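Observations on the three-dimensional arrangement
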Amino acid sequence: MILGIDLGTTNSAVGIVDSGFPILLADEEGQRITPSAVWIGENGEIEVGRKALRRRSLEPERVVTSIKRLMGRRTAELGENFPVAVTSSNEGLPLVLGKSPEEISAEILRELRRIAEWRMGVEITKAVITVPAYFHDAQRAATKRAGELAGLEVIRILNEPTAAALAYGMDRLGEKSRIAVYDLGGGTFDLSILELQDGVFQVLATHGDTQLGGDDLDGLLLTKILTSAGITGLSLAARARLMAEAERVKMALSEQERAVFRVPFYEGSRSIEQEISRADLEELAAPWIAKTQRLCRLALADAQLSVEQLSAVVVVGGSTRMPAVRRGVAELFKREPDFSQHPDEAISLGATIQGGVLSGALRQIILLDVTPLSLGIETFGGLMNVLIPRNTTIPCKAGELFTNAADGQAAMRVRVLQGEREMAKDNWELGTFDVPFAPSAKGQARVGVQFKIDENGILEALARDIATGTDTVIQIHHAAVNVDDAAVEAMVSESVKHAFTDMAERVFTEAKLKAEELLPAVDAVLAQGLALDAERGEIEAAAADVRAALAAGAANPLKAAVQRLDLATEALAARLVELAMDAALERQLAGN
Ligand code: AMP
């Protein structure tokens, strides 16, 4: 097995080809994206990803992000602002908190490897790792070294645009096809033009800016807000909180026309609240998008191509979710680019495909058949949880771990569903069965559900009680693949028709489940007087907001309120965990 790894400036992800199908691997929190952040404690302790970012409000100076910017470079070359202090080794190489960029990147790779091994249940020692097309030899070598430090044999360093093109299936376009890959992430932008020659992508030209990305826009937005509110002189921690809110508002404006920037009590009694419209954001973004367009023109000129000579344009990177960016790309390339892949996942998916080809796990010729509709099971709150998405090539296999919703629950009903709607009740039921397990406290039982569709289109649903290893299996013949065309069309058009109400229902149900978990916990902690004076006001206000939104039954306000409560209790939750750890340690010491 060979891992496919996207080691990004802001985020990273890992995938593998399993049963002939490339999949990205989710961590214990169900997340397929791991922030490229590393917390290094005073005594050398390490946390990676979301766990590292959660430390940012307490120890911003010990959380390293954007380490990719330092890979393979000398301290003298840097001269730019870096989120944490950089010192120089005797050899003139950068050090962050006493570690080299390779060592810090290795921690991210080690975490991705751990997630993959935990998901797959086997040791994995080989990987394909992606790098920007403009990375020079020293940067590529540093990336390879980081892989080795993480115990991985790096089988190939793959260009990110090539990985994106593979994810989009552009290798099937035919000889001499030319593809432009527009990649606008959090910290960097690049445009690469590839040409398929003898089945291999060659980079014809690449242009970009390693200091241009979504983060800049967060900064511009924050500056605008601070200026209009007349705010100056912020502490590092307050600035980090405000930047996070600026990013949240920016992302919300990709979906909606207006959003409220709201940070209460960011420094003592100071609060900010300002409404921002999509038009405000787009005004700030216009010069920033124009800059990417200029770089695209330079790449086209370098490759001596006109936009008409391109066979396809694909986009990747989280910032391409912005409608204004999409319009900018369409305008420049005089066509609608392909947006069909997940912008944050395309590169890791492509790396995974490359890994699969290299290990022989993926043979690219046999395209047997695809699932006409998504397959999944019902979960908490009556939601459809998709295990195998529509249009997945068969044979295929996918699974996920579930837990019990109530204390003392001793069985779980698995309803096998097919369809494109967000709520289980609107999809078709293919079968149902019960999985018994030992009665356990809420969230303690572990049941793995796996769907497998073989070459003949037979769906096998398996549920395993992880504690005992007992399996329950049902087989559903032909239902998964042989569906009447008209019925498929009807289901898909229904899902399009109901897309907005369905989505709102899902957002509301998910936020409600989270609120129901959070509120009693917050009440208990407040009742015990564990909150600091400085944070209590905001926590109470956020909790009241959640209750009001629950009562009003509106999806987006509830989601926002829950996020606010989450943020308000972040530092408190971190302290409680530390207290619990100290108490456990004391008990241990007392026991010895
Ligand atoms: P990447 O480096 O590809 O992971 O992209 C990360 C960047 O994408 C960050 O600057 C995010 O703020 C940005 N981003 C992610 N989702 C969205 C969204 N829905 N709208 C606007 N920007 C987004």
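See the structure shown above.
Read on for an overview of the structure. (Residues numbered from 1 in each chain as written. Predicted model: local features only at pLDDT ≥ 70, side-chain atom pairs only at ≥ 80, totals over all residues. Heavy atoms only, no water.)

Among the secondary structure elements, arginine 178 is positioned in strand β12 (residues 178–184). As a C-alpha pair, arginine 178 and glutamate 28 span 150 residues in sequence and 40 Å in three-dimensional space. For arginine 178, the residues in contact, after removing those within four places along its chain, are Leu194, Glu195, Leu204, Leu305, Gln309, Leu310, Ser311 and Ala312. Among the polar contacts made by the side chain of arginine 178, one reaches the side chain of glutamate 195 at a distance of 2.8 Å. (Helix = DSSP H or I, 4+ residues; strand = E, 2+ residues; numbered from the N terminus. Contact = heavy atoms within 4.5 Å. Polar contact = N/O pair within 3.5 Å; in protein donor to acceptor, adjacent residues only side chain to side chain.)

Another aspect to go through is empty space enclosed by the protein. Applying the stated criterion to the full structure yields two cavities of 30 Å³ or more. Size it by volume and the largest cavity reaches roughly 60 Å³. Taken together, Leu7, Gly8, Ile67, Lys68, Met71, Ser105, Ile108, Thr130, Val131, Phe135 and Thr143 make up the full set of residues lining the largest cavity. Looking at the lining of the largest cavity, the elements with two or more residues in it are α3 (101–120) and β10 (126–131). Of the residues assigned to the lining of the largest cavity, the class counts are six nonpolar, four polar and one charged. (1 Å grid on protein atoms, 1.4 Å probe; cavity = no way out; pocket = protein on both sides within 12 Å on 5 of 7 lines; lining within 4 Å. Points joined across faces, edges and corners; volume = space filled by probe spheres on them. Nonpolar A, V, L, I, M, F, W, Y, C, P; charged D, E, K, R; others polar.)

Residues Trp118, Leu401 and Ile466 make up a contiguous nonpolar surface patch of about 270 Å² in total accessible area. Within the fold, isoleucine 466 resides in the loop between β26 (459–465) and β27 (470–476). (Patch = residues over 30% accessible without salt bridge, like charges linked within 9 Å, V, L, I, M, F, W, Y side chains within 5 Å. Areas by Shrake-Rupley, 256 points an atom, 1.4 Å probe, with all protein chains shown as cover. Salt bridge = Lys/Arg side-chain N within 4 Å of Asp/Glu carboxyl O.)

Here the focus is the layout of surface pockets. Taken as a whole, the second largest pocket encloses approximately 270 Å³ of empty space. Around the second largest pocket sit 13 residues that line it, and Arg156, Gly199, Val200, Phe201 and Gln354 are the ones nearest its centre. Tallying contributions element by element places helix α10 (residues 346–359) first for the lining of the second largest pocket, with four residues. Here the residues of the lining of the second largest pocket are counted per class, giving seven nonpolar, four polar and two charged. No fewer than three residues from each of domain 1 (3–162) and domain 2 (171–211 + 289–343) sit in the lining of the second largest pocket. (Domains from an automatic or database assignment.)

Spatially, β22-β25-β26-β27 is the arrangement adopted by the four strands of the open sheet, whose pairing is antiparallel. Lying at the two open borders of the sheet, with one neighbouring strand each, are β22 (396–402) and β27. Each strand of the sheet is rotated relative to its neighbour by a mean of 15 degrees, with strand direction disregarded. Both β22 and strand β25 (residues 447–453) contribute to a ladder of seven bridges, which runs antiparallel. Bridge pairing links cysteine 396 to isoleucine 453 in β25. (Pairing = 2+ DSSP bridges. Axes fitted to C-alpha atoms, helices over the stretch in contact; angles between N-to-C directions.)

What surrounds the ligand is a group of 15 residues, the closest being Gly186, Glu247, Lys250, Ser254 and Gly318. With respect to the ligand, the backbone of glycine 318 contributes an N or O atom lying 2.9 Å from an oxygen atom. A distance of 3.1 Å separates an oxygen atom of the ligand from a polar backbone atom of serine 319. When the ligand is considered free in solution it has 500 Å² of accessible area, and contact with the protein chains removes 88% of it. Considering only residue class, the shell around the ligand consists of two nonpolar, nine polar and four charged. Per-domain counts for the shell around the ligand show at least three residues from each of domain 2 (171–211 + 289–343) and domain 3 (214–284). (Near = heavy atom within 4 Å.)

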